[in-house]
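Letter by letter, the chains look like this.
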Amino acid sequence: MTSSGPAPCSLYPDVVHAGRHGALWPRLLLPLWIWIGEPAVQVRASHQHFHPHSIKLPGDITLGGLFPIHARGPHGVNCGELKKEKGIHRMEAMLYALDQINSDPELLPNITLGARILDTCSRDTYALEQSLTFVQALIQKDTSDIRCSNGEPPLIRKPERVVGVIGASASSVSIMVANILRLFEIPQVSYASTAPELSDNNRYDFFSRVVPPDSYQAQAMLDIVKALGWNYVSTLASEGNYGESGVEAFMQISREAGGVCIAQSVKIPREPTEGEFDKIIKRLMETSNARGVIIFANEDDIKRVLEAARQANLTGHFLFVGSDSWGAKSSPIAELEDVAEGAVTILPKRASIDGFDQYFMSRSLENNRRNIWFAEFWEDDFRCKLTRPGIKLDPDKKKCTGGERIGQDSSYEQEGKVQFVIDAVYAVAYALHNMHQDLCHNSHGVCSSMDPVEGRLLLDYIRAVNFNGSAGTSVLFNENGDAPGRYDIFQFQMTNHSHPGYHVIGQWTNNLRLNLEEMQWSGGDKSVPESICSFPCKPGERKKMVKGVPCCWHCELCDGYQYQLDEFNCEMCPTDMRPVPNRTACCPTPIIKLEWNSPWALVPASLAMLGILATSAVVVTFIRFNDTPIVRASGRELSYVLLMGIFLIYLITFLMIAEPGVVVCAFRRLLLGLGMAITYSAMLTKTNRIYRIFEQGKKSVTPPKFISPTSQLIITFVLISVQVLGVFVWFAVVPPHTIIDYEELRPPNPDLARGILKCDMSDLSIICCLSYSIVLMVTCTVYAVKSRGVPETFNEAKPIGFTMYTTCIVWLAFVPIFFGTAQSTEKLFIQTATLTVSMSLSASVSLGMLYMPKVYVIIFHPEQNVQKRKRSFKGVVQAATLSQKTDKPNGDTKIEPDRSQ
């Protein structure tokens, strides 16, 4: 065992050859050496001056090893502090595996595996310089022109030939080294590099790994996010191949799978400045709903992110899902356990190797001299100081005795990748074993066919191995050199456990098996916290998506008469329907009609009933006293017609309130205007007869035509027939039927929407139906005004006049009420009540003005119901002439009786 490297002079070739590839690579390698050769010499020289930089184990076949023994140094310094777990543990795992293989009589019998192990110092450029050691044996230098001082040719020690390399750890380091090793066809097997980029068999054809690539890891992490019900997360990556390619794989898989959106994608610089992590936390808080943070970062960056989160007083806010770089390590979360509580981490499925624990805990300064970094580890692990010649002991640190024991005087837990380091060494060993059996047959030791070992052939054997690894799981490679994806899922928990720490909560082998019941979060909470952009919309609300962010939306209520058609759309309910209270569907709109027990029906019906009783009393009285002078003087025939019209006016109220049907609608059309047409036709005939008699008397003593009772009835029925004819034409054009009007009572609030069962009679058709009666009423009013000077003792002109004046007032009040309530939610009830009450009032005015005085005289003053002295037409005319004389300034007429008769 030695710790010195090959002679530096061998790094300055005048003519470069690479074994059998001498004709292929000279021009390619010469600029490469010019670029990295001189820095490599300087680095190596500096390390030889301060501390040895490699471990050399002699053997028949030599394997290379790359391990991050030290962390990356500060600016200007290559190497920093010692990494006990990722560095020493893993490197010792390779030494342990070599010991096991060399002591196994069945595996590579009579062949000893040696090693050249280098420190990458967690820096890709430095690792590239170190890896030149592995290719020195493949480069031959032409020394024909070199002579020693005595004239003899120089004696140059030939470096050992490395047939394969175990490593590296970080993906960025593996990528850098793989670019060199592939040129010299040296197979490389990594135990920890998981960047998806390394699966490219065209660029990294000599690279293999016993850990699955991050594309599997990213899929597993995405499955975890979905299982937790999260759809809005941020990503955090250390600058470099591992972090950036891991996050890129996660983002690509999430885009393809859908259902998960990336709120922020933050990169941690390779050389972060002061305050950089505070800025990162602030940026993550810009989308505070994205509590889940997918983190692909190295240990140092993880630790500083947790520190920044605590400093920002955000302990418990972020929910970390860490990659295998976090795994189940204690160093990133040391003294930051409260911030890391609930973190879900992933680690390739592994098992603790008991044999390695026994081996490592038995290591001491005496029996482990082959590990040139072990003394440094010893000082760090036991926090003591070894005495060295010429170095003064720090008084603040205790002196190491050398009798300390790992695991007893210091804490010890096997590092997570130890299993994979052992599997990587065994993979190369089995490949060499199978190759030896095929090429050397039964010969002992390395035969000529394997001296030297051909790199591409060895690669084929490596890719073909299939054996049970140190943890009992099969070790094999696919066509890209990747191992199958098998992960354990951990969660860091602090409460409800006797031993706070990482607890296995699930596995992933092509699909996720996660035990949600075993999970617990900050403060021991069992309920899964949320990491979503937008909360689910309530029933009846649609999603209005945020442009460019498919997991974010605004919830908009389906307003008015809309219902929720699907997740993203609202649609109007059909006209005859309205949305249910939660607006997820439509339901039939309730149908209403005017009920008999409604106040809007009781009042008109009561008035109509009183009117019918009064009308019936008048008719009975007139029939009972049909031949008395008052009944005869009032014009019995027209009076009965007029009373029939008043009766029909009262009757229409009950038809307007009754439940609509075809028969009811037909009678509504017929009787709505007919009762008024009969009433006002009879009144018009009366006033017209009186007007014509007295107008004719002014010109002649000859009576006018058509003043007999028969003529009066004919005229009246002719006027009535116009109304009847119009109604029957209406029947022919639009047969009577019922409709359900959903538009009339459709207010902004759909809960108040109602369908109204009614006859097919619009407001306009009602007015048209009454228009003829209104014309008759106005004409009758005009004649009443013209006949106002006729003596009361001779006619009914004045009572008819007062009736018409009052009726006009009633109907003038009706019009604004009827049309002014057109927008009311109770339009049907108000308009029906207004119409029926107005008609009942006009009928009551006619009944009261024209017939109640007569009934009163007939019943209570029968002595006045006697025959008057008959007058001739001449006497009537003279009375009419005298009636036009006025002797009062206010225009009142004074009647002077005709004394000549």
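The present account deals with the structure reproduced in this document. (Residues numbered from 1 in each chain as written. Predicted model: local features only at pLDDT ≥ 70, side-chain atom pairs only at ≥ 80, totals over all residues. Heavy atoms only, no water.)

## Examining the packing of helix α13 (residues 418-440) against helix α14 (residues 455-464)
Step number 1: Contact pair α13 / α14: the axes reach a minimum separation of 8 Å and the direction vectors enclose 115 degrees. The angle between α13 and α14 places the two elements in the roughly perpendicular class. When you trace α13 past α14, the crossing you get is right-handed. Counting all contacts with α13, which are made through V428, A431, L432, N434, M435, D438 and L439, the residues of α14 involved are L457, L458, Y461 and I462.
Step number 2: Tallied by class, residues from the contact of α13 with α14 come to 9 nonpolar, 1 polar and 1 charged. (Axes fitted to C-alpha atoms, helices over the stretch in contact; angles between N-to-C directions. Helix = DSSP H or I, 4+ residues; strand = E, 2+ residues; numbered from the N terminus. Parallel < 35°, antiparallel > 145°, perpendicular 65-115°, else oblique. Left-handed = near helix turned anticlockwise from the far one by under 90°. Contact = heavy atoms within 4.5 Å. Nonpolar A, V, L, I, M, F, W, Y, C, P; charged D, E, K, R; others polar.)

## A look at the pairing of strand β24 (residues 549-557)
Step number 1: Sheet topology places strand β23 (residues 541-546) next to β24; 6 bridges connect them, and they run antiparallel. Paired with M545 across the strands is W553, a residue of β24.
Step number 2: Here β23 folds back onto β24 in antiparallel fashion, the turn holding 2 residues, of which G548 has a positive phi close to 85 degrees. (Pairing = 2+ DSSP bridges.)

## A closer look at the packing of helix α2 (residues 84-102) against α13
Step number 1: With their axes 8 Å apart at the nearest point, α2 and α13 run at an angle of 40 degrees to one another. The angle between the axes of α2 and α13 places the two elements in the oblique class. The hand of the α2/α13 crossing is right-handed. Contacts between α2 and α13 pair H89, R90, A93, M94, Y96, A97, L98, Q100 and I101 from the former with V418, V421, I422, V425, Y426 and A429 from the latter.

## Remarks on the environment of M251
Step number 1: Mapped onto the elements of the fold, M251 is located in helix α7 (residues 241-257).
Step number 2: On the basis of relative accessible area, M251 is assigned to the buried category, the value being 17%.
Step number 3: Other than its neighbours up to four places away in sequence, M251 contacts T235, I262 and S265. (Buried < 20%, exposed > 50% of the residue type's maximum accessible area, 1.4 Å probe, protein only.)

## Regarding the state of the cysteines
Step number 1: Scanning all chains against the criterion turns up 9 disulfides.
Step number 2: Bridging C384 to C400, the disulfide has an S-S length of 1.8 Å. Handedness of the C384-C400 disulfide follows from its S-S torsion of about 95 degrees: it is right-handed. One end of the pair, C384, is in strand β16 (residues 384-385); the other, C400, is in the loop between β17 (398-399) and α13, with 16 residues separating them in the sequence.
Step number 3: Bridging C573 to C586, the disulfide has an S-S length of 1.9 Å. Because the torsion about its S-S bond is -90 degrees, the bridge between C573 and C586 counts as left-handed. (Disulfide = S-S within 2.5 Å.)

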